[in-house]
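Commentary on secondary and tertiary structure
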Amino acid sequence: MMSQNPTDNVTPAGGEVVLVDDICRTYRMGEVEVPALRGVSISLNRGDFLVVTGRNGSGKSTLLHQLGLLDSPDSGSIRINGVDVTALREKERARMRLHDLGYIFQEFALIAELTAIENVMLPAMMLERTSECRERARELLAEVELERQLDHLPRQLSGGEQQKVAIARALINDPEVLFADEPTANLDTVSAAEVLEIFRSLNRDKGHTIVMVTHEMEETVCGNRLLTLSDGKIVHEE
Amino acid sequence: MKSKKSGRRRHLPGAGRETRIPFFLIGKHLRHCNKWTLALIIFLLSAAFINLIFINSLFNGVVENNTNQFIHTYTGNITLTPADDGKMFEDASPVLREVEKNPEVTAAAAELVIPATLQYGEQKGDWKVTAIDPEREKNATTISRKMVEGAYLEPGDADGMIIGSEVAGLDSQDGDDRGLRGIRVGDTVTATVDELPARDLTIRGIFRTRFNRTDDRAFVTTAAVDLFPQMKGKATQIIVRTRKNGGEDAVVAELKAAGVPATFLTWEQAAKGMQSITDSFVTINALLTSVGFIIAAVTIFIIIYVDISNRRQEIGILRAVGVKGYLITWTYVLQAAVYSFCGVVLGTALFFGVIVPYFRIHPFRLPIGDVNLAVVPVDYVWRSLSVVFVGMLSGLIPALIITREKILDAILGR
């Protein structure tokens, strides 16, 4: 009998990629317990562009960390492609992060000693030949208009360029869902607009499913769905 | 960019491919990292390595020098004494001929050691005067090459004597009345042996081997003692040199089998009195080496631990993009191995290229002689491997700790 790997894609027929059911997450700061998420439930279909907003401390980044498998909820469940990821071991979570999820950090999170193209191709090197990885990384960097900066180290790039490299890296393994945690927070206005346009294009033209956290109200119009969090709860959804 | 609508790409299993990751990351790290920091790390590791081999080499040098001095200037590899508990070989010549038939024997010399009183002006003292055949002795010991004044004895010189630097008082300090202070080549000493008539002998030369036991001796030719009929042709011992140090027992067995009429004493047996000194050096060496290992291990651990701990965010990022934990761990373990290996290579270059040549020119002056650094190959290999092993362990521990903590804590530095 053929066995099925728990992280293999088994997308439900309705195109539901992410299903979050009543997750809670509490941080402990010394003796004090700080509830960051209190019973959040959401559903995300393929092709959705969900913008999550809220004030500082509302729990929006915490939610994204749970979805991106960088953290685990205390209770509730998260299903990605039908797989309950809260039950996975770290090895399987790493595999899912590599294959199915792309994560873009506010602070870019590039490896300082790798050039732009090396940063982008690194996750693909786990799966493909170096020449294929390099070619695909080159394509992705060209898509974000960084074909002239392929061999630049992160410190030789502007903030906007670094974030574009981070986006290309997130896309290298063709993920199911792209998570972006305040991707424009550290960028100037022009770079921020460029980055947002890339996300719009990825969703509109390529059909990528995106979850983006932002606290800039003008950026909430980027997506086709909006979620507002306050004190770890969903207070508005449209 | 590949469209989502064109379908997801299928990835091949990456078991073989993913092992490239550590080598890829190490290569890029070495290429792009701060070269001064890298140089400092490698230099500190090389210093830790040099510390490990220096002390060991010094003590090995002491032991080796002690052995060499003992063999080359004092006992030879094997010392033969009369078989029947007699005090002398009545005629050493047939014994010498028999000994020299053995192919492992390179030289043999008969010696007649006579306790004597030497007087130079108002100064006098008791020393062992050894009667030798200068030609044979030249091959059996290195004393002829250690003359600091005058010349070595010539065969047939019945009136000459050479004395060691201790006898000549060359190294005596103020207040030290040992030695015939002020004696020079050409001066005359009066030698008295028991009831025999005193003889005046002319100092032909002074030698200094820097081995106290040898420098405290005086030599005359056999021609000088042949003047006394009761000593003619006699010898108290025969010293034998063999092709290599070690393996003397086999030569002794062969000489016994050949019927050489003597009692045999290898240099190790003869040096039993010195064995406790050698053992002490070995013990001190072991103690200092242990301490050196601890210091080196802690140094290496701190250097590599700090370096890798400072790359906590990088490890978090690698985990966040899906690089497996074991690959990340291996990356930093191998990187630590590369650091350590480079430290060993640099340490080796500095040690053999600078330190050893320096001490060859400026040896340590000890009572047993001038001591150079002596590296035992096994010790060197063992210490090199130890440094690399400790380095890898120092990389493994922080890498394991960081790959087990929460990804966000590593990335955000919490």
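Computed from a predicted structure; not experimentally measured.

**Some remarks on the overall build of chain A**
- Across its full length, chain A holds six helices and 10 strands.
- Taken against the 2.2 N^0.38 rule, which gives 18 Å for 238 residues, the C-alpha radius of gyration of chain A at 18 Å falls within 12% of a compact globule.
- Out of the 238 residues in chain A, the part that is buried amounts to 58%.
- For chain A, restricting intrachain contacts to residue pairs at least 6 apart in sequence, the fraction spanning at least 24 positions comes to 71%.
- Of the roughly 9900 Å² that chain A leaves accessible, carbon and sulfur atoms contribute 47%.

**Some details on the sheet that holds strand 5 (residues 83-84) of chain A**
Residues and elements named next belong to chain A.
- The antiparallel open sheet is built from four strands, whose spatial order is 2-1-4-5. At either margin of the open sheet sits one strand with a lone partner, and together these are strand 2 (32-45) and strand 5.
- Sheet topology places strand 1 (residues 16-29) next to strand 4 (residues 75-80); five bridges connect them, and they run antiparallel. Each bridged residue has a counterpart across the sheet, and for Val-18 the counterpart in strand 4 is Ile-80.

**Examining the pattern of salt bridges**
- In this structure the tally under the stated criterion is 33 salt bridges over all chains.
- Notably, a salt bridge pairs A:Arg204 with A:Glu197, separated by 3.5 Å at the nearest N-O pair.
- Given a relative accessible area of 49%, A:Arg204 falls into the partly exposed group.
- B:Glu90 is the salt-bridge partner of B:Lys234, the closest N and O atoms lying 3.5 Å from each other. Remark: B:Glu90 occurs in the loop between strand 1 (78-82) and helix 3 (93-100) and B:Lys234 occurs in the loop between helix 6 (222-225) and strand 9 (237-242); sequence separation between them is 144 residues.
- B:Glu90 sits in the exposed class, given a relative accessible area of 54%.

**Here's the deal with the packing of helix 1 (residues 20-32) of chain B against helix 11 (residues 325-361) of chain B**
All names here are of chain B.
- For the pair helix 1 and helix 11, the least separation of the axes is 8 Å and the interaxial angle reads 45°. Taken together, the axes of helix 1 and helix 11 lie oblique to each other. Taken as a pair, helix 1 and helix 11 cross one another with a handedness that is right-handed. Here Ile-21, Pro-22, Phe-23, Leu-25, Ile-26, His-29 and Leu-30 of helix 1 lie close against helix 11, whose contacting residues are Leu-327, Trp-330, Thr-331, Leu-334, Gln-335, Val-338 and Tyr-339.
- Per-class residue counts for the contact of helix 1 with helix 11 are 11 nonpolar, three polar and no charged.

**Quick look at the nonpolar core**
- In terms of nonpolar packing, the biggest core is built from 133 residues, with A:Leu63, A:Leu67, A:Leu141, A:Phe199, A:Val211 and A:Met212 touching the most fellow members.
- Take this core: its biggest share by element is 14 residues, from helix 2 (residues 35-75) of chain B.
- With near-sequence residues (within four places) excluded, A:Leu63 lies in contact with A:Ile23, A:Leu37, A:Val40, A:Ile42, A:Val52, A:Leu227 and A:Leu229.

**Considerations on the confidence of the model for chain A**
- Per-residue pLDDT for chain A averages 88, and the proportion of residues at 70 or more is 94%.
- Considering only residues more than four positions removed or in separate chains, one finds that residues 1-14 of chain A, a stretch of pLDDT under 50, has 27 contacts.

**Some words on the interface of chain A and chain B**
- Between chain A and chain B, the residue contacts involve 46 residues of the former and 37 residues of the latter.
- At the junction of chain A with chain B, the criterion picks out three salt bridges.
- With a shortest N-O distance of 3.4 Å, A:Glu113 and B:Arg311 are connected by a salt bridge.
- Counting residues per element, the side of chain A that touches chain B draws most heavily on helix 2 (residues 90-99) of chain A, at five residues.
- Classifying every residue of the side of chain A that touches chain B gives 20 nonpolar, eight polar and 18 charged.

**Topic: the domain arrangement of chain A**
Residues and elements named next belong to chain A.
- According to the domain assignment, chain A consists of domain 1 (16-100 + 175-237) and domain 2 (112-164).
- Measuring from the centre of the C-alpha atoms in domain 1 to the corresponding centre in domain 2 gives 24 Å.
- Each side of the interface is counted separately: domain 1 has eight residues, and domain 2 has eight residues.
- Approximately 680 Å² of surface area, both sides summed, lies buried where domain 1 meets domain 2, with 74% of it carried by carbon and sulfur atoms.
- There are one salt bridge connecting domain 1 and domain 2.
- On inspection of domain 1 and its partner domain 2, the count reaches two residue pairs in polar contact (both at pLDDT 80 or more).
- If you tally residues by element for the side of domain 1 that touches domain 2, the top one is helix 6 (residues 189-204), at four residues.
- For the side of domain 1 that touches domain 2, the residue count by class is five nonpolar, two polar and one charged.

**Structural notes on the packing of helix 4 (residues 130-143) of chain A against helix 5 (residues 159-171) of chain A**
Residue and element names in this part refer to chain A.
- At their nearest, the axes of helix 4 and helix 5 sit 9 Å apart, and the two run at 135° to each other. The pairing of helix 4 with helix 5 is recorded here as oblique in orientation. The two elements helix 4 and helix 5 meet at a crossing, and its hand is right-handed. Contacts between helix 4 and helix 5 involve Arg-136, Leu-140 and Leu-141 from the former and Val-165, Ala-168 and Leu-171 from the latter.

**A look at the confidence of the model for chain B**
Residue and element names in this part refer to chain B.
- In this model, chain B carries an average pLDDT of 86, and 94% of its residues clear a pLDDT of 70 or more.
- Under a pLDDT of 50 for its full length, residues 1-8 has, in the predicted model, 27 contacts with residues more than four places off or in other chains.
- Of the two predicted TM-score estimates for the complex, the pTM is 0.75 and the ipTM is 0.86.

**Observations regarding the side chain of A:Lys60**
Residues and elements named next belong to chain A.
- Its location among the elements puts Lys-60 in helix 1 (residues 60-67).
- Judged by relative accessible area, which is 3%, Lys-60 ranks as buried.
- Residues within four places of Lys-60 in sequence aside, it is in contact with Val-52, Thr-53, Gly-54, Arg-55, Glu-182, Val-213, Thr-214, His-215 and Leu-229.

**A closer look at the pairing of strand 7 (residues 177-181) of chain A**
Residue and element names in this part refer to chain A.
- Within strand 7, five of the five residues are buried, leaving the element largely enclosed by the surrounding structure.
- Burial of the side chains of strand 7 extends over both faces: Val-177, Phe-179 and Asp-181 are buried on one face and Leu-178 and Ala-180 on the other.
- As defined by bridge partners, strand 6 (residues 101-104) adjoins strand 7 across four bridges and the pair is classed as parallel. Bridge assignment links Gly-102 to a residue of strand 7, and that residue is Leu-178.
- One ladder, built from five bridges, connects strand 7 with strand 8 (residues 209-214); its direction is parallel. Looking at the pairing, Phe-179 lines up with Val-211 of strand 8.
- In this region the chain leaves strand 7, passes through helix 6 and returns to the parallel neighbour strand 8; the handedness of that crossover is right-handed.

**Some details on unusual backbone geometry**
- Phi is positive for A:Asn81, which is not a glycine, with a value near 55°.
- When you line up the elements, A:Asn81 lands in the loop between strand 4 and strand 5.

**Topic: the environment of B:Ala109**
Residues and elements named next belong to chain B.
- Mapped onto the secondary structure, Ala-109 falls in strand 2 (residues 105-120).
- Assessed through its relative accessible area of 1%, Ala-109 is described here as buried.
- Taking C-alpha positions, Ala-109 is 77 Å from Ile-317, a pair spaced 208 residues apart along the chain.
- Once residues within four sequence positions are removed from consideration, Ala-109 is found in contact with Leu-96, Arg-136, Glu-137, Ala-140, Gln-237, Ile-238 and Ile-239.

Cut-offs used in this document
- Residues numbered from 1 in each chain as written.
- Chains lettered and ligands numbered in written order.
- Predicted model: local features only at pLDDT ≥ 70, side-chain atom pairs only at ≥ 80, totals over all residues.
- Heavy atoms only, no water.
- Helix = DSSP H or I, 4+ residues; strand = E, 2+ residues; numbered from the N terminus.
- Rg over C-alpha atoms; globule rule 2.2 N^0.38 Å.
- Buried < 20%, exposed > 50% of the residue type's maximum accessible area, 1.4 Å probe, protein only.
- Contact = heavy atoms within 4.5 Å.
- Areas by Shrake-Rupley, 256 points an atom, 1.4 Å probe, with all protein chains shown as cover.
- Pairing = 2+ DSSP bridges.
- Salt bridge = Lys/Arg side-chain N within 4 Å of Asp/Glu carboxyl O.
- Axes fitted to C-alpha atoms, helices over the stretch in contact; angles between N-to-C directions.
- Parallel < 35°, antiparallel > 145°, perpendicular 65-115°, else oblique.
- Left-handed = near helix turned anticlockwise from the far one by under 90°.
- Nonpolar A, V, L, I, M, F, W, Y, C, P; charged D, E, K, R; others polar.
- Core = buried A, V, L, I, M, F, W, Y, C linked by side-chain atoms within 4.5 Å.
- pLDDT = per-residue confidence, 0-100.
- Domains from an automatic or database assignment.
- Buried area = accessible area lost by both parts, 1.4 Å probe.
- Polar contact = N/O pair within 3.5 Å; in protein donor to acceptor, adjacent residues only side chain to side chain.
- Right-handed = clockwise from strand over helix to strand, strands pointing away.

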